[in-house]
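Descriptive analysis of the structure
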Amino acid sequence: MPSAGGLANAAGRCPLDIRHLRYFIAISEEPSLSSAAARLGVAQPSLSQHVINLEAELGVLLLSRSPRGVVLTEDGHRLVRHARQICRSFDDCLADMEAAGGAARGTVALGLPPSISMVLSVPLVETVRVELPQVRLTAAEAMSGTIRGWLADQSIDIGFLYDIDPRDRFDATHLLDESLCFFASPEDWPFDSPPGAPLDLAALAGKELILPSLGHGLRRMLAQAANAAGVTLDVVIEMDAMTQIKELVARGSGYTILSPAAAHDFEQRGELVKSPIAGPLMTRPVYLVTNPARVMTNACRAIECCTREVTVSVTAAILPPF
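The structure contained in this document is the topic of the report that follows.

Quick notes on the rules
- Residues numbered from 1 in each chain as written.
- Predicted model: local features only at pLDDT ≥ 70, side-chain atom pairs only at ≥ 80, totals over all residues.
- Heavy atoms only, no water.
- Pairing = 2+ DSSP bridges.
- Helix = DSSP H or I, 4+ residues; strand = E, 2+ residues; numbered from the N terminus.
- Axes fitted to C-alpha atoms, helices over the stretch in contact; angles between N-to-C directions.
- Contact = heavy atoms within 4.5 Å.
- Buried < 20%, exposed > 50% of the residue type's maximum accessible area, 1.4 Å probe, protein only.
- Right-handed = clockwise from strand over helix to strand, strands pointing away.
- Salt bridge = Lys/Arg side-chain N within 4 Å of Asp/Glu carboxyl O.
- 1 Å grid on protein atoms, 1.4 Å probe; cavity = no way out; pocket = protein on both sides within 12 Å on 5 of 7 lines; lining within 4 Å.
- Points joined across faces, edges and corners; volume = space filled by probe spheres on them.
- Nonpolar A, V, L, I, M, F, W, Y, C, P; charged D, E, K, R; others polar.
- Expected span 1.5 Å × (residues − 1).
- Arc of directions from axis to C-beta.

**Some remarks on the sheet that holds strand E4 (residues 135–141)**
What the five strands build is an open sheet, ordered E4-E3-E5-E13-E6; its pairing is mixed. With one partner strand each, in any of the chains shown, E4 and strand E6 (171–179) form the two edges of the open sheet. Strand-to-strand, the axes of this sheet are offset by a mean angle of 20°, without reference to chain direction. Bridge count for E6 against strand E13 (residues 283–290) is eight bridges, and the pairing is antiparallel. Bridging from a neighbouring strand, Asp-177 pairs with Pro-285 of E13. Taken strand by strand, helix H5 (residues 114–131) contacts strand E3 (106–112), E4, strand E5 (158–161), E6 and E13, and its axis lies near 170° from that of E4.

Structural data, given as structure tokens:
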């Protein structure tokens with residue numbers, strides 16, 4: 001485990017960002033987690049989870065908990081000293097840049113596919129509220145095709161897309177690659193190998209699948225991969241509603257293929273289990289996209305930067321690659 005004297009873990013990845021540091025400073029200055037949560041405008045369970053994540057990443061106990069509340073441990077005081085220094089330097093940097101280019105303020109519209117929205121929208125909104133108080137973020141959830149249309153007609157400033165068409169002439173930043181997995185109810189696992197063991201696509205032949213319609217990018221990707229591998233997928237239900245797909249699978253009405261992000265909520269509750277599809281390895285890229293025809297304000301640039309950072313943080317914390 002990393003020592004308390006360093007903020008990087010053994011792999012060299014920094015587990016902290018400015019949001020984590022500001023949250024912990026607020027905790028240190030308030031008599032309870034509930035009052036710190038009220039000051040920050042975040043839910044107390046979210047704030048408690050931040051502390052748990054910090055303690056796990058740093059390998060130290062930061063708070064001493066008792067029926068009367070929480071107090072900082074020695075390591076907690078050490079982290080606060082570092083945090084205040086880092087945040088002051090960060091604020092000085094922001095002030096300098098804003099003086100040169102104007103403060104980030106105004107409204108920014110962001111489009112997210114359901115699978116990404118499920119894990120990203122809440123931490124992103126919380127981060128923007130704390131880090132960019134003069135920016136109003138409006139987040140809309142829709143399928144990738146709809147988001148592409150919104151970007152084209154400039155209804156939104158920024159959007160997530162899974163595939164880029166050069167004819168669109170969008171500006172795109174590759175964020176990550178999602179691995180696709182086979183999901184089933186824990187009581188209806190259809191293979192001799194346990195959940196978590198990699199599966200070949202051929203093993204899915206004959207399994208009753210619940211998938212989005214052919215107009216959905218994920219379905220098109222699966223169809224192309226199956227054709228290339230000479231595999232016939234048995235799609236018994238088509239549904240363009242992510243929550244209903246997961247509900248049906250959790251009830252044992254079939255199986256599905258989704259990204260880990262899309263089913264993270266059901267998996268966390270123990271309603272679904274998964275295995276990665278590794279033969280062939282099935283991944284799809286995720287891009288953060290803007291339309292160069294739309295004016296890119298300082299608020300848009302700030303949200304774009306914040307979105308990249310939160311995406312990396314969330315995927316590293318709950319969606320490690322296979």
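**Let's talk about the pairing of E3**
Across the seven residues that make up E3, a large majority, five, are buried. Note that E3 and E4 share seven bridges and pair parallel. Within E4, the position partnered with Leu-112 by the bridge is Glu-141. With H5 bridging E3 and its parallel neighbour E4, the resulting β-α-β unit is right-handed. With two bridges connecting them, E3 and E5 associate as parallel partners. By the bridge assignment, Gly-111 is partnered in E5 with Gly-159.

**Quick notes on the side chain of Thr-127**
Along the chain, Thr-127 falls in helix H5. For Thr-127, a relative accessible area of 5% translates into the label buried. When sequence neighbours within four positions are dropped, the list of residues in contact with Thr-127 reads Arg-19, Leu-132, Cys-306 and Val-310.

**Considering unusual backbone geometry**
Glycine aside, residues mostly have negative phi angles, and peptide bonds mostly take the trans form. Going from Gly-279 to Pro-280, the amide bond is cis rather than trans, its omega being 0°. Its place among the elements puts Pro-280 in the loop between strand E12 (273–279) and E13. The backbone phi angle of Gln-154 is positive, close to 65°, even though this residue is not glycine. The partly exposed category is assigned to Gln-154, whose relative accessible area is 30%.

**Concerning the pattern of salt bridges**
For the structure shown, the criterion picks out 16 salt bridges. Arg-22 is the salt-bridge partner of Glu-131, the closest N and O atoms lying 3.2 Å from each other. With Glu-131 in helix H5 and Arg-22 in helix H1 (residues 18–29), this pair connects stretches of sequence that are 109 residues apart. When its relative accessible area of 16% is taken as the criterion, Glu-131 is described as buried. Residues joined by salt bridges that share partners form a network here, namely Glu-29, Glu-30, Arg-39 and Arg-84.

**Looking at empty space enclosed by the protein**
Going through the model one piece at a time under the given rule, you end up with two cavities of 30 Å³ or more. For the second largest cavity, the calculated volume is near 30 Å³. Lining the second largest cavity are Pro-113, Pro-114, Ser-115, Tyr-162, His-216, Met-242 and Arg-284. Along the lines of polarity and charge, the residues of the lining of the second largest cavity split into four nonpolar, two polar and one charged.

**Some thoughts on helix H3 (residues 44–58)**
Under the 1.5 Å per step criterion, the end-to-end length of H3 is 21 Å for 15 residues, consistent within 8% with the ideal 21 Å. Turning to H3, its buried residues number three or more, namely Leu-47, His-50, Val-51, Leu-54, Glu-55 and Leu-58. Seen end-on, H3 carries its buried residues on one side only, within an arc spanning 130°. For H3, exposure combined with an orientation more than 90 degrees from the buried face picks out Pro-45 and Ala-56. Among the residues trailing H3, Gly-59 stands out with phi positive, at a value near 70°.

Geometry only, nothing functional implied.
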